[in-house]
Amino acid sequence: MAFWKRKQQEIISLGLNRAATPEEERIVREEAEGSDDQARFYDRFKKAVSSTRENLAGRIDSIFAGKRELDADVLDHLEEALIGADIGVQTSLEIIDSARQQIERKQLNDVDELKKLIKSELRGILEGAARSRKAGTVASESEVPLEIRPYVMMIVGVNGVGKTTTIGKLAHRIKSEGNQVMVCAADTFRAAANDQLAIWAERSGVPLIQQKPGTDPSAVLFDALAAARARNIDVLIVDTAGRLHTKANLMQELEKMRRVAGREVAGAPHEVLLIIDAVTGQNGLEQARQFTRAVPITGLVLTKLDGTAKGGIVIAIAKELNVPIRYVGIGEQMNDLVEFSPEAYIDGLFG
Amino acid sequence: MFEALSDKLKKVLKDLRGQGRLTEAHIDSAMREIRIALLEADVNYKVVKSLVDRLKAKAVGEEVVGSLSPAQQVIKLVYDELVDVLGGTSTQLLFTKRIPNVVMIVGLQGSGKTTTTGKLAKMLAEQQKRCPLLVSVDVYRPAARQQLALIGQSIGMPVFDVPGVDSPLELARQAVRECQLVGYDTLLLDTAGRLHVDEELMIELQQLKQETLPSEILFIADAMTGQDAVRSAQEFHEKVGITGVILTKMEGDARGGAALSVKEVTGQPIKFIGVGERYDAIEPFYPDRIAQRILGMGDVLSLIEKVQSEVDEEKAEELRQKIARDRFSLEDFRDQLRQVKRMGSFDKLMDMLPSGLFGGMRVTPEQMGEMERKLKFTEAIINSMTLKEREDHSILNASRRKRIANGSGTTVQDVNAMVREYVEMRKMMRMMTAGGLGSLMGGLGGKLGAGLAGGMGFGGRRKATKRRKKKKKK
């Protein structure tokens, strides 16, 4: 399975004068798609998440240790464990309530069943959000016809969550699978934002469209769209300035960027990714709500997952806004961005 | 949120009336609500637990004082406890005679270290007559050093850098020497942000500490941090030993429970809060205000201070007289508008109010922007009138209105609407003259912004008297 599922061309040139035989083609393609890589990423993702096991799964295990019976005490501790993972007070309480009811009705008898119930509840939330995406409310690259180019991705979020770094990794990964990628530096506000992005762009060898600091971000975007079309670019990734969701004028600025993109390319921006820092608490929900009002978010990217915080708030966001989590950042290297998998995430949380 | 919490508490404590004393059963159910409120504000669950235990011990047996409802009393108890926990020693930075005094800035990635370094430098230079030099030893993040250099440029502060030197320790050493040579008395050391589980970074910070012997090590914490705030703060404190905390991104709507967590686990005072992206957006930390915010009570106190400092009592009295005699001219109206504007931007004012003040209705940022725009237009229209017109609006005929519209960049319809509103407001004001200044502002704003600004004037006043009473009791 490749990282990017919207290949422009599948022409495989081996540097030979003849066309490649089917066998040769298969080998090359497999290498390009890097099925081994994918498995490795999955493992690393799970490992990144499971470093919290010390606190979540570990705690849950210690709650359950030596207990067979389910009493109020167990549930109280469990509630604390869920809240401690930032899963959200409301969501946690609901899960605990449903467990409590099932225990009363004698549908849940021991600790293992309780654990299973919680896992499946959490997974249900995450997978439900992913399903609603497939119903057509939200796009992913494979759903946009190839004639529409460039495929436009807009990256938004509050300050300091790792937007620029995520773009660097995203550009690298999409490009390394043979797509033409361009990056648009529409963060014209923060000091040296352009420089930071330029370094990332250089590392992954993708062109960067930028202008003087203080330029209207929509103007930069307009230029980038024109340049992308002129150079027959497949994917345009748009960096935006970090902004707190409480700033009305900055949210309007985003709205304007969305309008400009939509006017230039049909359906653009095809993807709007909200970046959420794994340490974010309950405020993450409010961020998602407010950003969605300005530019409907199509997915989340959870960054800094290699720390001890596990970004449980994305579960609350997925639940309320039906937004899937698309990617996770698990380190500082170019390759440290992987696709999100509900299964790996929940397994990582619970062990 | 505050309304929600106090409503819940009222419900829980309803049957308490007449008993005169808080019983354990009451406290238990009240504490449940408080616990959820604190957790929703991102206070760490362990901190919540110990807090709730302490509160319980204090609350049981407490006499219900006549004028406070049991619910109010419980909230007061919680509030006092929060202020107590959050409060600490001086929020000033401490300096010695050493040259230079090094202030080390540490924290996680993206918490706002570099921006805060710039803000601190500006503040120290302007308010404490320090002479700071800035240096970034973040050799890892792309363009981190350029960022500080650009910030230095825009605040007019010198930034030290040696291109080509990629060792944080060497950079720090040379920066200290530069201070001694040139005579900068303060060195602000912006360090690399990384995850706290990163051993290497912690060792690097320890080395920097040994090398530069900082007088302050400030931990930068993002107000939006969740439960993990405790862990990172603890880690930094254990490994490096922080002397204070700066809470950033407080201009957002995060409730800032992280403040409580960080203070509780490190014991170090929160010294400043960052409240915006501009380099002067840094303020001293007030425990009472954050306590209110965590409980969702809004920053009522700051607002009252603001209103009181901006409203000139004498002028208000004069105004009352004028209204009573139906002599409230457009000129006076403009004065009023300006007074409202002087208090700051609307969203700042609204931020300070409890969210429940408008009957649970949330004022959206758009509405706020709309109100502010309307105020601006109204003032522009009045500005374009002659003095005579301002004193007597009845002389405004079609051609005068056309001229005013042209002059203020509006349309005749806008002018008409504004005059109509003014006339109506005058009527209303006459009816309310007995109500005092609070209702005056109420009427004024009510006409202007769909009752929003009205609520502001009213609410501020009402809360003010309530608080004063409370203070006397103490």
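In case you missed it, the structure is sitting above this.
Just so it is clear, the model here is predicted, and its values are computed rather than measured.

Caption draft 1: Layout of the overall build of chain B. Secondary structure summary: chain B contains 21 helices and 8 strands in total. Per-residue burial over chain B gives 54% buried out of 474 residues. Counting only contacts in chain B whose residues sit at least 6 apart along the sequence, the fraction spanning at least 24 positions is 75%. For chain B, the exposed area adds up to about 21000 Å²; of that, 52% sits on carbon and sulfur atoms.

Caption draft 2: Spatial organisation of unusual backbone geometry. A cis amide bond links A:A268 with the next residue in sequence, A:P269, at an omega value of -5°. Relative to the elements of secondary structure, A:P269 occurs in the loop between α10 (248-264) and β5 (271-277). B:P100 follows B:I99 through a cis peptide bond whose omega is -10°. Along the chain, B:P100 turns up in the loop between α4 (70-86) and β1 (101-107). Here A:A192, not a glycine, exhibits a phi torsion of approximately 65°, which is positive. For A:A192, the location among the structural elements is in the loop between β2 (181-186) and α8 (193-204). Taking relative accessible area as the criterion, A:A192 reaches 7% and is therefore assigned buried. A positive phi angle, close to 55°, is found at A:N232, a residue other than glycine. Residue classification places A:N232 among the partly exposed positions, given a relative accessible area of 43%.

Caption draft 3: Just the packing of helix α5 (residues 113-127) of chain B against helix α6 (residues 144-155) of chain B, in detail. All names here are of chain B. Contact geometry of α5 with α6 gives a least axis separation of 10 Å together with a crossing angle of 30°. In this view, α5 runs roughly parallel relative to α6, as classed from their interaxial angle. For the element pair α5 and α6, the recorded crossing hand is right-handed. Only Q147, L148, I151 and I155 of α6 make contact with α5, whose side of the interface consists of T114, T115, T117, G118, A121 and K122. A breakdown of the residues in the contact of α5 with α6 according to their chemical character gives 4 nonpolar, 5 polar and 1 charged.

Caption draft 4: Quick peek at the packing of aromatic side chains. For the structure shown, the criterion picks out 3 aromatic pairs over all chains. A ring pair is formed by A:F340 and A:Y345, whose centres lie 5.3 Å apart and whose planes are at 50°; its orientation type is tilted. Each member of the pair A:F340 and A:Y345 is classed as buried. Seen in terms of ring centroids, B:F333 and B:Y422 are 6.0 Å apart; in terms of plane orientation they differ by 25°. Their pairing is stacked. Here B:F333 is found in helix α14 (residues 330-342), whereas its partner B:Y422 is found in helix α19 (residues 412-432), with 89 residues between them in sequence.

Caption draft 5: Structural detail: helix α11 (residues 283-294) of chain A. Between its first and last C-alpha, α11(A) extends 17 Å over 12 residues, near the 16 Å set by a 1.5 Å rise per residue. By the criterion of burial, α11(A) is predominantly enclosed, with 9 of the 12 residues buried.

Caption draft 6: Region of interest: the side chain of A:T164. With respect to the helices and strands, A:T164 occurs in helix α7 (residues 163-175). Filtering out sequence-adjacent residues up to four positions away, A:T164 remains in contact with A:Q196, A:L197, A:W200 and A:D239.

Caption draft 7: A look at the pattern of salt bridges. Residues and elements named next belong to chain B. According to the stated counting rule, one finds 35 salt bridges over all chains in the structure shown. With a shortest N-O distance of 3.0 Å, E126 and K122 are connected by a salt bridge. With a gap of 4 residues between them, E126 and K122 both fall in helix α5, about one helical turn apart. Note that K271 and E216 form a salt bridge whose closest N and O atoms lie 3.3 Å from each other. Placement of the pair is K271 in strand β7 (residues 270-274) and E216 in strand β5 (residues 216-222), with a sequence separation of 55 residues. Like K271, the residue E216 is buried in the burial classification. Each of R54, K58, E81 and E264 takes part in a single network of salt bridges with overlapping partners.

Caption draft 8: Region of the structure containing the interface of chain B and chain A. Contacts between the two partners involve 38 residues from chain B, matched on the other side by 45 residues from chain A. Taken together, both faces of the contact between chain B and chain A bury some 3700 Å²; the carbon and sulfur share is 56%. Considering only the side of chain B, the residues that lose the most area to chain A are B:Y45, B:M224 and B:E277, jointly responsible for 17% of the buried surface there. Taken together, the links from chain B to chain A amount to 3 salt bridges. The tally of links between chain B and chain A comes to 10 residue pairs in polar contact (both at pLDDT 80 or more). A breakdown of the residues in the side of chain B that touches chain A according to their chemical character gives 14 nonpolar, 10 polar and 14 charged.

Caption draft 9: Main features of the sheet that holds strand β6 (residues 244-248) of chain B. All names here are of chain B. Overall, mixed pairing links the 8 strands, which are arranged β3-β2-β4-β1-β5-β6-β7-β8 in an open sheet. On the outer flanks of this sheet lie β3 (159-160) and β8 (282-284), each paired with one strand and no other. With 5 bridges joining them, strand β2 (residues 132-136) and strand β4 (residues 186-190) adopt parallel strand pairing. Looking across to β4, one finds that L134 is bridged to L188. Contacts from α5 reach β1, β2, β4, β5, β6, β7 and β8 within the one sheet, and its direction differs from that of β4 by about 170°.

Calculation notes
- Residues numbered from 1 in each chain as written.
- Chains lettered and ligands numbered in written order.
- Predicted model: local features only at pLDDT ≥ 70, side-chain atom pairs only at ≥ 80, totals over all residues.
- Heavy atoms only, no water.
- Helix = DSSP H or I, 4+ residues; strand = E, 2+ residues; numbered from the N terminus.
- Buried < 20%, exposed > 50% of the residue type's maximum accessible area, 1.4 Å probe, protein only.
- Contact = heavy atoms within 4.5 Å.
- Areas by Shrake-Rupley, 256 points an atom, 1.4 Å probe, with all protein chains shown as cover.
- Axes fitted to C-alpha atoms, helices over the stretch in contact; angles between N-to-C directions.
- Parallel < 35°, antiparallel > 145°, perpendicular 65-115°, else oblique.
- Left-handed = near helix turned anticlockwise from the far one by under 90°.
- Nonpolar A, V, L, I, M, F, W, Y, C, P; charged D, E, K, R; others polar.
- Phe/Tyr/Trp six-rings, centres within 6.5 Å; stacked < 30°, edge-to-face > 60°.
- Expected span 1.5 Å × (residues − 1).
- Salt bridge = Lys/Arg side-chain N within 4 Å of Asp/Glu carboxyl O.
- Buried area = accessible area lost by both parts, 1.4 Å probe.
- Polar contact = N/O pair within 3.5 Å; in protein donor to acceptor, adjacent residues only side chain to side chain.
- Pairing = 2+ DSSP bridges.

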